[in-house]
Structures are given as C-alpha cells and as structure tokens.
Amino acid sequence: MSPSLSKRLCTLVFFCFLLCQQVFSQTKVITGKVSDETGNPVADVSVLIKNTKKGTVTAKDGSFSIVVPAAAKSITISHLGFVSQEINIAVVSEVSIKLIAESGSLADVVVVGYGTQRKRDVTGSISTIKGDDFKNLPIANAASALQGRASGVDIVSGDGAPGSGPSIRIRGTGTINGSDPLVVIDGVPGGSLSDVNPNNIASIEVLKDASSSAIYGSRAANGVVLVTTKKGNYGEQAQTSVNVYRGTVNVLKKLNLLTAPDLVKLKQETLNNDGSGLGIWSDPYYATQRTDWQKELFGTGNTTNADLAIRGGSAKSKYSITGNYFDDKGMIQNSYFKRASTSFNSEHKVTSGIRVGENFLYSVTSGNTPNTRSTQDGLIWSALRFNPAIPVRTANGGWGASKASNELGDINNPIFTAAIVDSKNTNRHILANAYVEVDLLKGLMLKANYGLDQYTSDGYSFNIATPDQTRVTSQASLNQGHSEGISWLQEIFLTYNTQIRKNHNITLTGGYSAQTFQGNSFGASRIGYTDDATDHRILDNGNAANQRSGGSGSFNHSSGLQSYFVRGNYSFMGKYLLTATMRADGSSKFLPSKQWGYFPAFSAGWRISDEKFFKDNVSFLNTLKLTGGWGRLGNQSVADFQYLGIISGGSGYNFGSPSAPIDGSSIVSLSNPNITWEKAEMTNIALEFSLLNSHLSGTVAWFNKDTKDMLIPYSLVENFGNGVRIPDQNIGTLNNHGIEVDLNYQNKVGNLSYNIGANASFIKNKVTLLYGTKDDYIGSSFYGRESLETSRTYEGLPIGSFFGFKTGGLYQTQAEIDSDPNRAHDDKSNIKPGDVKFLDQNGDGVIDDKDRVNLGNPHPSMVLGLNTSLHYKSFDMSLAFSGAFGFKLYNADRMAGLDASQVFNWYAEQNSRWHGAGTSNSIPRLSRANTNQNYRSSDLWIEKGDYLALKNISIGYTISTWKIGGAKMPVTRLYASCYNAFYLTGYRGFTPELGYTDGNKQRGVDVAQYPAVRTITIGATLNL
C-alpha cells in the first residue's frame, strides 16, 4: 500500500471517528422496566419520545431500551386500560415505572357485534366481565360466574346438581316463551356456556339494550352474551401455564325433620284425632331412630380441574392451544358431571393487508343428574319423607324398605334409589370458525367468517327390577337414545373507519349473514331382562316382545335465518356520539309472507366533561357522559312451522273390525298462518361518571322494555280431538322497566391496592295484555300429590305470580268458627278448631275458588352484587357477594312436609302444631281427613326470598423468585377458595335460589330440588 493511500485511509478513519463521536454526543440510551401496581411486569407497553412518533414497546419482562436525542426531556408511557404517564429523562438514563389502572377502564376496547369499540365511545348499554375476575371458580357453567358481576343480569340457579346450568335473565323475563339470551362464542352464535372452560375466557360482554343488541336482530330480544376466549399475542415468546385445583363438596344446609319417637307420637295423635286405630304406630319398632336419611344421602363429593395453556406468537403469527379436564362428583352417589375439552386458535398475517385465522373448540361432557323434581319418586323428596325407623340395610344385608305397611308410604329407600343408578348422558360438541380479513383500502376492511356448530348426544338408562321395594318395577328395562344437530354459519361484512378534518370520526359496518339448522333423533327401549348383569345391559338382550323405537329429523329440510345488517358510528370532536343500526332477518319458522322482520335502533351520547364550560366550572367530576337510545329487537324462540297444519302417520282406525285396524294418519297440530315475530322495543338512558381523581366511577341507567306480539297459547272452544296442538297466537304484551346502578372504586395505599365494585338492579315486570280480560290466565304445572296450582300468569301482574287463598291464622275455638264472617253463608260442618281460617275476598261469605288471589311476585325487585379484590405485595384476596330482595318463594316442600293427611315423615316444625287453643296460629291440627282442605295453595306456604350470599372468597400467594437446588422455578400462585360460603336469609328451605320449574310460567317454587352445595378448593397455577 502506498504511503499516500495509507495516509488518506487514516485521515478517513479519523474523520469517521469524529463524526460518530459527534453523533453519539447528541443522543443517549434510556433503559427501564414497566410493571403494574402489584409489581408484575407489563409487556407491549408503548414508550414514545414526547412529541415524536419514535418509540418502542416493552418486552415480556417489562423492560425496554430506547435511543433518544440528548436534548430530549421526557418520554410518554401508555398502555390500554392504564393511565398514560410522562416521565422526565433529562437527568436520568434508567427509569422504573408503575402503571396505574384507569378507573372505569374507559380506555378498554369492548367487543360489540361484528367488531370492537373503545368503551369511552360506546353509546349502548354493555357490561364487561373480565375472565380474570372469575378464574378458578369450581363451576361447570360460565353463566354462574356472571352472578353479581353486572347490573341488569339476573342469574337464576335451578339447583346444585353437578353440571346444572343457571338461567340468564337480562333486564327481566321478557316473554313467556324462551327468555335466554343469544350466546355468541368467538363470533359463532348459538353456542353453550357449559362447553367453554371458564378459565379460558378472556372476557364476557353482555349487550343489554336495543342499541348494542340490534345488530343481532331476531334473536336479541333477551339480550346477547358475547364470549371471547383467550388468544396469543404477536411477537410474544411462547408461554405455558398449568393450573390445577382440587376441592370437596358438601351440602350447604339440612332441614330439620322429625325423629322416629316424635313421629310415632304425632302419628298416634293424628289417628286419635280422627278416631282411628293406631295400627303400626303402636309397634315400638317404629319409635326407634335408625336412619337420618339426609345424612345418608348427602355425603361428600369432590371436584377436580386441570388446565394447560400454551400461547405465544411471532411477528406474523399468534396462537393459543389449551386443554381442560373438569370432574365434579356430587355429594349424592352417582351424580356427576365431567368435561374434557380442547381448543386452539391462531391468526396469521399473510401479507401486510391480509390476515387469516380460526377458532376451534371441541368438548365432551358426560354426567348424570338424579330425579329431584318428582313428588312420586324424586330422590330428595323421598329422603325427606322416608320413615326414620327403617334402616338403610336390614340385618340380612338387604335394602331397607317401606313394604311393611301402607302407613310407611309408597316410596322407595332413597339410598337404594341412588345406588342402583346406571344412567349416563354424553354430549360431544364442536364449535369452530375460520375467517379472513382483507384491508382493501386505507380504513376499509372486508371480513368473511364461516362457522360450524355441531353436536351429538347419547343417552343411556338401565333400570333394574325392584321387587323388594314399595314402588315395584317387575322387569328391568333399558332406554337408549341418540340425537345430533348441525348448524352452518356464513357471514361477510365490510368495516370502514375514517377521520375527516380531525374532528369527525366515522365507522361503518355492513354485511350479510346466513345460518342453517338441521338435526334428527331416535330412541329405542326394551323391557324384560333375564340377566341384568352389567355386561348384559344391551338392547338385544331385552325381551323383543316389549320393545319400542321411534325418531324424528330435519336433515332433509333445514330451518334457518338469512340476514342483512348495517351499523354506523359517528363521533364529532370525541364528545358528540351517534350510533344507528338496522338488521333485516328472514326466518323459516314463519309463512313466506311473514318471514322478514326489521329491527332498527339508534343511540346518541354526549361527553359533557369535554365541554369547556364543564372543565371551567366543575372540579369534583372528572368525566361525565350522557347516552340514550331506542330500538326494536326480535324473538323467534317458539316451535317450528306453526304456520302449517301437521299431519302425522302411525294412527290406527277401526272401521267395524277391532281385530284389523287400518293404518292411517291424523292431525296433530292446527295451523296459524298469521304467526310472526315477537318484538321487543326498548328505550335506554344512562349517565356515566368518574370522580375523586377518577378513583370512583359509575353508571346509572334507566330502561323501559315492551314486548309486543308475544306468542301465547290460545285455547279454542272447539274440540279437535285429543292430542291436537293449538298453535301460538301473537296476542300478548309485556313490560319490564327499571334502573341499574354500577359503582367501582379503586386505589392504592403503599403496597396495598384494592378495588371495590358494587351493582344493583331494580326491575319491575308486568303482563300488560294477555287475552284482553283480567279473568283469563295462563296456568302452570300443578304441584305434588296434593295437585296444587301454585302459579298463574294474569294480565296486570308479573309472569308466574303465585296464586291461592289468603289466610288469617287458625281457628282456636268453636265459637270463633261459628262467628266467622268469612264463612257466613258457607257450610261449617267440616271445620274444627285448629283448622286454617281462609279469608273471603269477594265478600259473599263463602270460601271457594273465587277467593283465590295474587299471593306474591317470584321476581326480585332488587338484585345486588358486591365484588372486592385486594393485592398486598405477593398476597391477593377476592370476595364476591350476590343478593336478591323484594320477592316471594312458594315453599311447596314445606307444605308437603307438614301435610298431616299424608302418611310420610314430617318436618320437625310439626312439633309446634295446633293441639289446643293458643298452641299455634300457623301449623294446622293433625288429621288425615283434611275436611277443611288446610293444605290447599295459600299464603301459609309463601315466604320471603330475600338473601345475601358470599358466593366466593379466594386467597392467593404468588412466588415469583424461588429456586430448588439452584434451579430457578416458575412463577407460582398458590390459592384456596370457598364457593357458596354462606347465605344470610330467613327462608326455611335448602336455598332461596330457586329457578324455573315450568318454563317461564313458574319460578321460585321449592319442589325439593338438588340442594345448594359448598365447595372448598385448593390449587396452584404455574407460569412456565
């Protein structure tokens, strides 16, 4: 190399060094770490140099590094759901930042129909429940997790049986028909919450008003529940989490029953009162207590749950893979629910403007729930009534039975009934969708979504012969059934976002949706098995002379929906908001000329706190937003094809020759060509606010919902023969109106951060039109061996109101009977002291059916929720309360348990029966004759249902840095919880949470359902 060239190169290197020195002297590197208020790192936090677009995001461990100009004074830190911060970097090169959650989560993005929206811009009424708020609850159905967590949402538990799912009522019971909301899981409508692992749910949005729900049109009259499962994130390193818990299950409460000695004493008194012989009640055998049947039946169950999740992503893909096993063995033998499920989802950036993805869920559930609703052979009813002197097992090893005398009742040993169960229902469910999103132009996106909802269900039940029990089954029988169904969904829609001159923001969504439904079912049975060994329990081994089979299906003709929808969102300066929606639905349930329904809605919002006059004059409020809207929704939850007259084959006709009937067909249903949609029109006004430096936030909403053209059964005078179904008619109207209040307070004091949320709903329900007269009604099913009608639906009253006689205590003396004006013109010969005094309501001096009146409302006038979470260093605790007030319950089982005309065991309250003047004014005298009909439907059996329950308490401890043998262990959270910890209530039954027993026509009737249970669990979560 020549000296001159070498000199030139050295000069060049020197100048480059000076240039780099000059450049680096004008910049500096800022490093830091971002965590939340509990100290956990937060990934994907935006770090920007102030007043520039240059920045970075935090890594998985919350760390970041950014090169900034030497003159830079500050950086801004922001992340969805947290308060943005500005950090001074003028004199520091390393920072540590703690994010503070934004009160009310106004920065949150909420899921709405066919898209998302910033919560601050929402004009409809939407409640959001985060999956982390109910993680690790020992529940089979995610609907249970909603209880007490959202205003306007009433979770009505039917019973405590494993796998039982509660009913969801959003803003009241909207119709006498199906009132369940539409459930949409990851974009596929019609799914079941029992198939989703609650621990795999990221969020649940409840669309409560017409504005937010109208995009779903014909199925949104009862509200919409949107479920979003957990996803991976782009650019996220693979994360594996394992979660396991185990718990014990016990009955929450037992009822006080008579012991054998007390029962014998009262049976003797009963027969003496009637002038009858004592029979077996003079036998000392029956005065010896041998069995507490509740104790024998209600054992200890257990629940087990295991979750595995792997989530992550690259720059162009994200994914989530999960597995779940849930096993709930009930406290009653052979009652159980099991679920095994797997899910995966992923999304991929094919190009910068094309994304494809899918969601897939497969679940297998199986279980058995004992019959606990019958007063003939219901398991709980039998345990409460069975004689306590009878042993579970006899001395020779056989099962105790009540065959010795009719005085012991015609029910079987309940432990025997539970032990011999050989029954199983297995359901397989696939819920899947695949989608593609294409950015056509700036702000314009096309999305196509194809979904599948497929299920199969298999039922098996073998009943052994029971010759040694009172309710004899002489031959064993086997029943098997199979049903399957499939629904296909196809949707395509456009979403356009644009901003005009900075102040005008517009989002338009419009598209097409179609969904078809097909299914079939069949069943078979045989009676008569010479060998009932387990491996012989197949259909072919039964007696072919006693067999039945049958089925139905719709695979050759689908039912379905075809829909068009459009929605527009407009915002001016971020403070004047407008939303308008229209959906048109065509349904095959109705005559072609009646198939299409149109469901419009609109709402508006005003962010008052953004106005200058507000900012200048109001200091105690941080934010204030007023919204209001109106819309029409639809409901088609009625039987298919009622517009057609249905003729069915298989009928036999006898034309003078009984021995040779002729095959033929018969009418099974009349037609109603005018049948069409039920419609619900709703008005909604809400005020959202925050104060105390945004620590306290809340919403107060008023709504009024009118259901019109309600489909109700219409009884015709004409007689069309037995078994002919009369179609529904659009002739009813119903109103629900009320107020909802949501409050949330969050703060941090030192290392303690806490959050307190409370909500309350005040809802009134009334049928405003039924048949056009106040005398006509829709009755419910009758209760028990007394054949009592407990509930009726009348015009002017709530759905399913309790109905019966008013009472005025008990007659204490014969003189009181003789002078009673309620029976002034009535026959008093059958009345005796100790009988019930029924009140004359129409003033005719006679007690008859004309004196039956409304006895109470089964729907709560107030539903309450209270949820608290606390974090202190590595400790966390949460409490969830729920309650309901201002409603009545019909304690039908108490009536049965005090009915002296029945031969069974009684409640211990019978010790306080009337047995002389002044001894009781509520529990009638003992008599088999029951000449005064003391146990008819009356307010004696009506009780207040008010309760407040601690639904769940959970305590956890997180170990973030620990080692074993020098090896670093995963972040681990250990926790313990108690679900259904206690109830504060005056109700005397097992639980005040009583659901529906005859559709929406009857609620709050205690028929000795499977009792509520308390579950105590311990568990651990490992983040690998």
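Quick look at the structure, then.

Reading guide: rules and limits
Residues numbered from 1 in each chain as written. Predicted model: local features only at pLDDT ≥ 70, side-chain atom pairs only at ≥ 80, totals over all residues. Heavy atoms only, no water. Helix = DSSP H or I, 4+ residues; strand = E, 2+ residues; numbered from the N terminus. Rg over C-alpha atoms; globule rule 2.2 N^0.38 Å. Buried < 20%, exposed > 50% of the residue type's maximum accessible area, 1.4 Å probe, protein only. Contact = heavy atoms within 4.5 Å. Areas by Shrake-Rupley, 256 points an atom, 1.4 Å probe, with all protein chains shown as cover. Lys, Arg positive; Asp, Glu negative; His and termini not counted. Charge placed at Lys NZ, Arg CZ, Asp CG, Glu CD. Pairing = 2+ DSSP bridges. Phe/Tyr/Trp six-rings, centres within 6.5 Å; stacked < 30°, edge-to-face > 60°. Lys NZ or Arg CZ within 6 Å of the ring centre and 35° of its normal. Polar contact = N/O pair within 3.5 Å; in protein donor to acceptor, adjacent residues only side chain to side chain. Patch = residues over 30% accessible without salt bridge, like charges linked within 9 Å, V, L, I, M, F, W, Y side chains within 5 Å. Salt bridge = Lys/Arg side-chain N within 4 Å of Asp/Glu carboxyl O. Axes fitted to C-alpha atoms, helices over the stretch in contact; angles between N-to-C directions. Core = buried A, V, L, I, M, F, W, Y, C linked by side-chain atoms within 4.5 Å. Expected span 1.5 Å × (residues − 1).

### Structural notes on the overall build of the protein chain
When you go through the protein chain residue by residue, the secondary structure sums to nine helices and 53 strands. Compactness check: the protein chain gives a C-alpha radius of gyration of 34 Å against a globular reference of 31 Å for 1024 residues, within 12% of the reference. Its C-alpha atoms put the protein chain at 135 × 70 × 70 Å along the principal axes. Each of the 1024 residues in the protein chain was classed as buried or not, and the buried ones make up 50%. Within the protein chain, residue pairs in contact and separated by at least 24 positions form 70% of the contacts whose partners lie at least 6 positions apart. Carbon and sulfur atoms make up 56% of the accessible area of the protein chain, which totals about 45,000 Å². Taken as two groups, the 94 positive and 86 negative side-chain charges of the protein chain have centres that lie 10 Å from each other.

### A word on the pairing of strand 20 (residues 336–351)
Of the pairings in the sheet, the one linking strand 19 (residues 317–329) to strand 20 comprises 13 bridges and is antiparallel in character. Paired with Tyr325 across the strands is Ala340, a residue of strand 20. Counting the residues in the hairpin turn of strand 19 and strand 20 gives six residues, including Asn334, whose phi is positive at 65°. In this structure, strand 20 lies alongside strand 21 (residues 354–368), joined through 15 bridges in antiparallel fashion. The partner of Phe337 across the bridge, within strand 21, is Gly367. The turn linking strand 20 back onto strand 21 is made up of two residues.

### Remarks on the packing of aromatic side chains
Inspection of every chain in the model, using the stated rule, returns 27 aromatic pairs. Pairing Phe493 with Phe565 gives two aromatic rings, centres 6.3 Å apart and planes at 55°, and the pair type is tilted. Here Phe493 is found in strand 24 (residues 477–500), whereas its partner Phe565 is found in strand 27 (residues 559–572), with 72 residues between them in sequence. Classification of Phe493 as buried rests on a relative accessible area of 5%. When its relative accessible area of 3% is taken as the criterion, Phe565 is described as buried. Positioned above the aromatic ring of Tyr285 is the side chain of Arg290, whose terminal nitrogen or guanidinium carbon lies 3.7 Å from the ring centre. Sitting over the face of the ring of Trp381, Arg385 holds its NZ or CZ atom 5.3 Å from the ring centroid.

### Description of the side chain of Thr229
Positionally, Thr229 belongs in strand 16 (residues 224–229). In this structure the side chain of Thr229 is engaged in a polar contact, spanning 3.3 Å, whose partner is the side chain of Lys231. Ignoring anything within four residues of it in the chain, the contact list for Thr229 reads Asp186, Asn200, Ile201, Ala202 and Asn345.

### Describing a nonpolar patch on the surface
A cluster of nonpolar residues, Met573, Tyr576, Trp606, Phe613, Leu626, Ile685, Leu687, Val700, Trp702, Ile739 and Phe762, forms a patch on the protein surface that exposes about 920 Å² of accessible area. The set of elements that each furnish at least two residues to the nonpolar patch consists of strand 33 (678–691) and strand 34 (696–713). Tracing the chain through its elements places Met573 in the loop between strand 27 and strand 28 (576–587). Residue Met573 is classed as partly exposed on the basis of its relative accessible area of 42%.

### A word on the sheet that holds strand 5 (residues 74–78)
Spatial strand order, 3-2-5-6: four strands in an open sheet with antiparallel pairing. Looking at the sheet topology across the chains shown, the edges are occupied by strand 3 (55–57) and strand 6 (85–88). Sheet twist, expressed as the mean angle between neighbouring strand axes with direction ignored, is 20°. Bridge analysis of strand 2 (residues 46–49) against strand 3 gives three bridges, and the strand direction is antiparallel. The residue of strand 3 that forms the bridge with Ser46 is Val57.

### Here's the deal with unusual backbone geometry
A positive phi angle is found at Asn136, which is not glycine, with a value near 65°. Here Asn136 lies in the loop between strand 10 (126–130) and strand 11 (153–156). With relative accessibility at 7%, the residue Asn136 sits in the buried group. For Asn693, which is not a glycine, the phi torsion comes out positive at approximately 55°. Of note, Asn693 is situated in the loop between strand 33 and strand 34.

### Here's the deal with the pattern of salt bridges
Where charged atoms from two side chains of opposite charge come close, those side chains can pair. Enumeration over the complete set of coordinates arrives at 38 salt bridges. Here Arg169 and Asp180 are joined by a salt bridge, their closest N and O atoms 2.8 Å apart. Separated by eleven residues along the polypeptide, Arg169 in strand 12 (residues 167–170) and Asp180 in the loop between strand 12 and strand 13 (182–185) bring together distant segments of the chain. Classification of Asp180 by relative accessible area gives partly exposed; the value is 47%. Residue Glu611 is joined to Lys575 by a salt bridge in which the shortest nitrogen-to-oxygen separation is 3.2 Å. Of the two residues, Glu611 is situated in the loop between strand 29 (596–607) and helix 7 (612–617) and Lys575 in the loop between strand 27 and strand 28; the sequence distance between them amounts to 36 residues. The two residues Glu611 and Lys575 agree in class, both being buried. In the salt-bridge network here, residues are joined through shared partners; they are Arg355, Glu437, Asp439 and Lys447.

### So, the nonpolar core
Counting residues in each nonpolar core, the largest one holds 64 residues, and the members touching the most others are Leu297, Phe298, Ile332, Ile380 and Tyr890. Residue assignment for this core shows that the elements contributing at least two residues are strand 17 (239–251), helix 3 (260–274), helix 4 (293–297), helix 5 (379–385), helix 6 (414–419), strand 43 (836–838) and helix 9 (892–898). Core analysis: the next-biggest nonpolar cluster, separate from the first, contains 26 residues, Ile129, Phe134, Ala142 and Val153 among them.

### Here's the deal with the sheet that holds strand 1 (residues 27–35)
Strands belonging to one sheet form pairs held by backbone hydrogen bonds; the direction of such a pair is parallel or antiparallel. Pairing is mixed across the open sheet formed by three strands, whose spatial order is 4-1-7. One side of each edge strand has no neighbouring strand; the edge strands of this open sheet are strand 4 (63–69) and strand 7 (94–98). On average, each strand axis in the sheet is tilted by 30° relative to the strand beside it, whichever way the strands run. Where strand 1 lies against strand 4, seven bridges are found, and the strand directions are antiparallel. Considered in strand 4, the bridge of Thr27 is made with Pro69.

### So, helix 3
Between its first and last C-alpha atoms helix 3 spans 21 Å; for 15 residues at 1.5 Å apiece the expected length is 21 Å, and the two agree. For helix 3, the set of buried residues is Ala260, Leu263, Val264, Leu266, Lys267, Glu269, Thr270 and Leu271. A positive phi of about 70° marks Gly275, the residue just after helix 3.

### Side note on the environment of Val153
Positionally, Val153 belongs in strand 11. Not counting residues up to four positions away in its chain, the partners in contact with Val153 are Ile168, Arg169, Val206, Lys208, Ser761 and Val863.

### Here we look at the environment of Ser74
Among the structural elements, Ser74 can be located in strand 5. Ser74 sits in the buried class, given a relative accessible area of 8%. Residues contacting Ser74, with those up to four places away along its chain left out, are Ile49, Lys50, Glu86, Ile87, Asn88 and Ile89. At 3.4 Å, the side chain of Ser74 and the side chain of Glu86 are in polar contact.

Geometry only, nothing functional implied.
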